[in-house]
Amino acid sequence: MLVAHKANLYALPEGSSNELWQFPPKTKDVYPVSEQTRDRLNTLVDALPVADADKTKLKQKVADLTVNGATITGLKDAVDALVQAPGGDAAAFKKQQDDLKTATDAATSFEKGALDKLQAFYGDFGLSSDGKTVFVVPFRGIIFALDVSTGHTRWVRDSGDQVVGGIAVDGNTLYFGTKGKHVFAVDATTGERNWQFDAKGQVWDTPTIDGDTIYVSSLDGSLYALDKSGKQKWVFRGVSSGIGARPVVAGDFVYIGAFDNKLYAVSTADGTEKWSLKGGNWFWATPVFQDSVLYAANLDGKVYAVDARTGTSKWAHPFTVGSAIRSGPVIAGGGLLVAGRNGHIFKLDLASGTSDDGGTLVLPGVEVLADLVKTATGESVYVVPSTATLYEIDATGKLGTPGSTPLPQ
């Protein structure tokens, strides 16, 4: 189980705070360089005109290389001690040695700096299709591809922009937006950039991928539909304020909440508006769709349920939580679970939007901003509040006392 809290990512066994690994590591001096760096250095080693035994020793030094500390000096000293095979060009050999040492310094300095500059995780992280790699991008905008089993880096890249949202994964491509008004497509294996799309405003949301289309919004009030080559299919500009929410696609519509206090339904075919719903504040939380009904939470402290095709209300009136709602709700245990910013959790009847006496619990003294996450079975829901505690709520019946797991500090 992977849990992000502020500037840390934890891999935890179910129901335990004994982390399998933590990122960034508590002690950076013993953190290995990325797999990509090791491969690059080993390629330089293979090109050296030296004995195979010497190459084997050097590759062991590369295998032991960390982002800081004595392993760097040890590798470079071993390079200096190499003896060229007879008959070679001495000047060319010296350049190869220097290139290997320079590459070692550059890679370790960059990767150590990337860890030192790491800031809070605000957005979603992505998981590879085989479940072996997790892709994370903290606010500083440096992307890390991490081995799920060890937490070690496969590769690391600096996007050059700050990132508020998270990463969407589709096959071997990663998509994310930046405060620099860009949308990037990146190769998931290497981290190399495939293409860049320039938006008109900052991009705060995680892109949504549906079929061959990428949907992404921006703070200039635009919702973009892009193809997978980065070409714009259409743009919806009917919003009078910024958009920071993640789009949700269902059937022929893409749904998006905006900072003009409206929730919009837009045609996936051409970007035309089908309907809009007015709330009392921003629609920032990601809506939930099920059985032709859209459930949307608002910073006005209300939850709205509407017919997804017409925008007409499905409940007699919106459900009032009692505090602003920034966290995206989830459907679990046959009901809609929603968290107020003040730590009050509700389980609502999907048809009526009501909560009986057993449908409420309170997490005292906490603030909930992150989206709720349900387990694979849909029977439990995880809550990560502002405090360093992971809560697990049994959603199968009335809400009882949640399980709690303190996160390592």
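The rules behind these values
Residues numbered from 1 in each chain as written. Predicted model: local features only at pLDDT ≥ 70, side-chain atom pairs only at ≥ 80, totals over all residues. Heavy atoms only, no water. Helix = DSSP H or I, 4+ residues; strand = E, 2+ residues; numbered from the N terminus. Buried < 20%, exposed > 50% of the residue type's maximum accessible area, 1.4 Å probe, protein only. Contact = heavy atoms within 4.5 Å. Phe/Tyr/Trp six-rings, centres within 6.5 Å; stacked < 30°, edge-to-face > 60°. Lys NZ or Arg CZ within 6 Å of the ring centre and 35° of its normal. Pairing = 2+ DSSP bridges. Expected span 1.5 Å × (residues − 1). Arc of directions from axis to C-beta. Salt bridge = Lys/Arg side-chain N within 4 Å of Asp/Glu carboxyl O. Core = buried A, V, L, I, M, F, W, Y, C linked by side-chain atoms within 4.5 Å. Axes fitted to C-alpha atoms, helices over the stretch in contact; angles between N-to-C directions. Parallel < 35°, antiparallel > 145°, perpendicular 65-115°, else oblique. Nonpolar A, V, L, I, M, F, W, Y, C, P; charged D, E, K, R; others polar.

Chemist: In this structure, what is going on with the overall build of the chain? I would like to understand it.
Modeler: Counting its regular elements, the chain contains four helices and 31 strands. Projected onto the principal axes, the alpha-carbon positions of the chain cover approximately 90 × 45 × 30 Å. Within the chain, the fraction of its 409 residues that count as buried is 52%. For the chain, restricting intrachain contacts to residue pairs at least 6 apart in sequence, the fraction spanning at least 24 positions comes to 43%.

Chemist: Looking at this structure, how should I read the packing of aromatic side chains?
Modeler: To describe a pair of aromatic rings, one takes the distance between the centres and the angle between the planes. Enumeration according to the criterion identifies 20 aromatic pairs in this entry. The interplanar angle of 75° and the centroid separation of 5.2 Å between the aromatic rings of F259 and W284 together place this pair among those described as edge-to-face. In this pair, F259 sits in the loop between β17 (253-257) and β18 (262-267) while W284 sits in the loop between β19 (273-278) and β20 (288-290), placing the two residues 25 residues apart along the sequence. Across this residue pair, the class does not change: F259 and W284 are buried. An angle of 65° between the planes, with centres 5.6 Å apart, marks the rings of W282 and W284 as edge-to-face. In textbook terms, an aromatic cluster arises when at least three aromatic residues are bridged by ring pairs, as seen for W204, F259, W282 and W284. Over the aromatic face of F184 sits the side chain of R193, whose NZ or CZ is 3.9 Å from the ring centroid.

Chemist: Looking at this model, I keep getting lost on the sheet that holds strand β23 (residues 319-320). Mind explaining?
Modeler: Two pairing modes exist for strands in a sheet, parallel and antiparallel, and in both the strands are linked by backbone hydrogen bonds. Strand order across the open sheet formed by four strands is β20-β21-β22-β23, with antiparallel pairing between neighbours. Each edge of the open sheet is held by one strand with a lone partner, namely β20 and β23. Where strand β21 (residues 293-297) lies against strand β22 (residues 302-307), five bridges are found, and the strand directions are antiparallel. Bridge pairing in β22 links A296 to Y304.

Chemist: Help me understand helix α2 (residues 52-63), please; the structure alone is not making it clear to me.
Modeler: An α-helix turns once per 3.6 residues; consequently, residues spaced three or four apart project the same way. Here α2 contains twelve residues, and its C-alpha end-to-end distance of 16 Å stays within 8% of the 16 Å for a straight helix at 1.5 Å per residue. Considered for burial, the residues of α2 that qualify are K55, L58 and V62. The buried residues of α2 occupy an angular sector of 65° when the element is viewed end-on, so they sit on one face. In α2, the exposed residues that point more than 90 degrees away from the buried face are T56 and K57. Turning to α2, the residues buried within the fold contact α1 (35-46), α3 (70-80) and α4 (90-116).

Chemist: Looking at this model, I keep getting lost on the pairing of strand β13 (residues 213-217). Mind explaining?
Modeler: In summary, the side chains of a regular strand alternate between the two faces of the sheet. Of all five residues in β13, five are buried, a share of seventy percent or more. Taking every second residue as pointing to the same face, both faces of β13 are buried, with T213, Y215 and S217 on one and I214 and V216 on the other. Sheet topology places strand β12 (residues 208-210) next to β13; three bridges connect them, and they run antiparallel. When the sheet's bridge partners are listed, T208 is paired in β13 with Y215.

Chemist: Help me understand the pattern of salt bridges, please; the structure alone is not making it clear to me.
Modeler: Two side chains with opposite charge may pair up if their charged atoms get near one another. Scanning the entire structure with this criterion turns up 17 salt bridges. The closest approach of N and O atoms between D116 and K28, which form a salt bridge, is 3.9 Å. Here the residue D116 occupies a position in helix α4, and K28 occupies one in the loop between β3 (21-23) and α1, the gap between them amounting to 88 residues.

Chemist: Quick question: what am I supposed to make of the environment of P318 here?
Modeler: By secondary structure assignment, the location of P318 is in the loop between β22 and β23. According to the relative accessible area criterion, P318 is partly exposed, its value standing at 27%. Taking the C-alpha atoms as reference points, P318 and A188, separated by 130 residues in sequence, lie 42 Å from one another. The residues touching P318, leaving out its near neighbours within four places in the chain, are K302, V303 and Y304.

Chemist: Is there a simple way to think about the nonpolar core in this case?
Modeler: Most often, soluble globular proteins keep nonpolar side chains buried together rather than apart. Residues F23, L58, V136, F144 and L146 are the most contacted members of the largest nonpolar core, which totals 31 residues. Residue assignment for this core shows that the elements contributing at least two residues are β2 (8-11), β3, α1, α2, α3, α4, β5 (133-136) and β6 (142-147). In this view, V136 contacts L9, F23, F121, F125, I142, I143, F144, L146 and I167; residues no more than four positions away in its chain are not counted. In terms of nonpolar packing, the next biggest core, distinct from the first, is built from 17 residues, A297, F319, L336 and L348 among them.

Chemist: So what exactly am I meant to see when it comes to the sheet that holds strand β7 (residues 153-158) here?
Modeler: An order of β4-β5-β6-β7 is seen for the four strands of this open sheet, with the pairing classed as antiparallel. Looking at which strands have only one partner, the edges of the open sheet turn out to be β4 (126-127) and β7. As paired strands, β5 and β6 are joined by four bridges and run antiparallel to one another. In the sheet register, V134 faces β6, and the bridge partner there is L146. Running over the sheet, α1 touches β6 and β7 and is turned about 95° from β7. Along the sheet, α4 contacts β6 and β7; its crossing angle with β7, the most-contacted strand, is approximately 80°.

Chemist: For this particular structure, what's the right way to read the packing of α3 against α4?
Modeler: The angle between the axes and the distance between the axes are what describe a pair of packed helices. Direction vectors running N to C along α3 and α4 enclose 175°, while the axes themselves pass 9 Å from each other. Classified by the angle their axes make, α3 and α4 are roughly antiparallel. When α3 is examined against α4, the residues I72, L75, K76, V79 and D80 are found in contact with a partner set consisting of Q97, L100, K101, T104, D105 and T108. Here the residues of the contact of α3 with α4 sort into four nonpolar, three polar and four charged.

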